[in-house]
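Examination of the molecular architecture
Below are the chains, spelled out letter by letter.
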Amino acid sequence: MTDDKTNLPIRIAALYQFARFDDPAAIKPDLLGAMEKAGVRGTLLLAREGINGTIAGSDEGIEAVLDHVRTLPGCAEIEVKESRAAAMPFHRTKVRLKKEIVTMGQPDLDPLAGVGTYVAPDDWNTLISNPETILIDTRNDYEVQIGTFKGAIDPETKSFREFPEWFRAKRAEIEAQGGSPKIAMFCTGGIRCEKSTAFARAEGVKEVYHLKGGILNYLEHVPEDESLWHGECFVFDERVSVGHGLRLGDHTLCRACRRPLSAEDMGHEHYEEGISCHRCWDERTDEQRARYAERQRQEMLAEARGLEHVGRREEADTDG
């Protein structure tokens, strides 16, 4: 991604909306049809609690899909985070039905009943620089490892399902020390913060804040020389990571475990392109690595023929 993002041909739209869908399955066919007709790729998740996902395509294609999304119940004012790319970052067009649009394992939690106080990127530095503010990164450990805000607590969670238990323990620790939690939370695009702040409020915490639009909104609008962000932000597409100004980052992806890798990581003895990295070496069997090796071979053959091979990404998604 270059600084002149307006000249790049692919428009990427990250979107989510907590809404009440009585029958998500009934919504799926027309939504998928709108994406296919517009030539848009990516994945949208549907659940009774709303919609979430990231899509990419031409300007006209993205606008057509967004027009359709805005006709869904409660989605007329859906907020969309946009960026641009030189190449298509997705390989499939999918609409999936889920129990939650972001899986926290708290199916009775209703973000529409009340979330934390939104804080605009321009006001975020002031809030998190206050020594009374407890700053929490709600993302998973592999995301935090490549970048976070100065002074943020890393819950070291492997998945968002672990967050409620961690939060309850952290709150008990703070209150045992005589403190009254004043909490600020952040995530990639805002959706996990909707749930985590709603959860904190449901647990009885009164002062809860979150970064409006997430890290991506902050990186787009706060100048680098004023920023309290360090590193890069992991994104869930083929760009892998972005930095200030949403410029393309320096990380690549391990195709076995879907974790981001730095140039140093790729120098590790356990890194083999498409097959393994030092983080997942002990998590995979020799049989799995052999399967990944064949997948990588097929990918290289397809590339040599000028064809697109999506099996690698698809299998990594299910295995990871």
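Let us look at the structure shown here.

Criteria and thresholds
- Residues numbered from 1 in each chain as written.
- Predicted model: local features only at pLDDT ≥ 70, side-chain atom pairs only at ≥ 80, totals over all residues.
- Heavy atoms only, no water.
- Phe/Tyr/Trp six-rings, centres within 6.5 Å; stacked < 30°, edge-to-face > 60°.
- Buried < 20%, exposed > 50% of the residue type's maximum accessible area, 1.4 Å probe, protein only.
- Salt bridge = Lys/Arg side-chain N within 4 Å of Asp/Glu carboxyl O.
- Helix = DSSP H or I, 4+ residues; strand = E, 2+ residues; numbered from the N terminus.
- Axes fitted to C-alpha atoms, helices over the stretch in contact; angles between N-to-C directions.
- Parallel < 35°, antiparallel > 145°, perpendicular 65-115°, else oblique.
- Contact = heavy atoms within 4.5 Å.
- Nonpolar A, V, L, I, M, F, W, Y, C, P; charged D, E, K, R; others polar.
- Pairing = 2+ DSSP bridges.

The subject of this paragraph is the packing of aromatic side chains. For the coordinates displayed, the defined rule picks out 12 aromatic pairs. With a centroid separation of 6.2 Å and 75° between ring planes, the pair formed by Tyr 16 and Phe 18 is classed as edge-to-face. Using a relative accessible area of 18% as the deciding quantity, one classes Tyr 16 as buried. A residue is classified by how much of its surface remains accessible, and Phe 18, at 6% relative accessible area, is buried.

Moving on, we come to the pattern of salt bridges. Under the defined criterion, the tally for this structure stands at 25 salt bridges. In this structure, the salt-bridge partner of Asp 141 is Lys 158, at a minimum N-O distance of 2.9 Å. Remark: Lys 158 occurs in the loop between β8 (147-149) and α5 (163-176) and Asp 141 occurs in helix α4 (residues 141-144); sequence separation between them is 17 residues. With a closest N to O distance of 2.9 Å, Asp 286 and Arg 289 form a salt bridge. You can see Asp 286 and its partner Arg 289 sitting in helix α8 (residues 286-304), 3 residues apart, about one turn around the helix. Judged by its relative accessible area of 60%, Asp 286 falls in the exposed class. In this structure, a network of salt bridges that share partners links the residues Arg 11, Asp 59, Glu 63, Asp 67, Arg 70, Glu 82 and Arg 84.

Our next topic: the packing of helix α3 (residues 121-129) against helix α7 (residues 214-221). Packing of α3 against α7 leaves a shortest axis separation of 9 Å and a crossing angle of 105°. Here α7 runs roughly perpendicular to α3, going by the angle between their axes. Contact residues: Pro 121, Asp 122, Trp 124 and Asn 125 in α3; Asn 217, Tyr 218 and His 221 in α7. Across the contact of α3 with α7, the residue classes tally to 3 nonpolar, 3 polar and 1 charged.

Our next topic: the pairing of strand β2 (residues 41-47). In terms of residue burial, β2 counts as a mostly covered element, since 5 of its 7 residues are buried. Note: β2 against strand β3 (residues 50-57), 7 bridges, orientation antiparallel. Among the inter-strand pairings, Arg 41 is bridged to a residue of β3, identified as Ala 56. Taken together, the 5 bridges between β2 and strand β5 (residues 93-97) define a ladder with parallel strand orientation. If you follow Leu 44 over to β5, its bridge partner there is Val 95.

This next bit is on the sheet that holds strand β1 (residues 10-18). If you trace the 5 strands from one edge of the open sheet to the other, you get β4-β1-β3-β2-β5, paired in mixed fashion. Across the chains shown, the open sheet's two edge strands, defined by having one partner strand only, are β4 (79-85) and β5. On average, each strand axis in the sheet is inclined to that of its neighbour by 10°, with strand direction left out of account. Bridging between β1 and β4 involves 7 bridges; their strand directions are antiparallel. Residue Arg 11 lies in a different strand from β4, and its bridge partner there is Arg 84. Strands in contact with helix α6 (residues 191-202) are β1 and β3; relative to β1, the strand with the most contacts, it is inclined by about 15°.

Strand order in the open sheet formed by 4 strands is β6-β10-β9-β7, with parallel pairing between adjacent strands. Where the open sheet ends on each side, the last strands, each with one partner, are β6 (117-119) and β7 (134-137). Strand-to-strand twist of the sheet, defined as the mean angle between neighbouring strand axes without regard to direction, takes the value 30°. As paired elements, β7 and strand β9 (residues 182-186) share 4 bridges and run parallel to each other. Bridge assignment links Ile 134 to a residue of β9, and that residue is Ile 183. Strands in contact with α6 are β6, β9 and β10 (207-211); relative to β10, the strand with the most contacts, it is inclined by about 180°.

For the rest of this paragraph, the subject is the environment of Val 144. Note that Val 144 resides in helix α4. Residue Val 144 is classed as buried on the basis of its relative accessible area, which comes to 9%. Measuring from C-alpha to C-alpha, the distance between Val 144 and Thr 157 comes to 9.8 Å, with 13 residues separating the pair along the chain. Leave out the neighbours within four places in its chain, and Val 144 touches Asp 137, Arg 139 and Asp 154.

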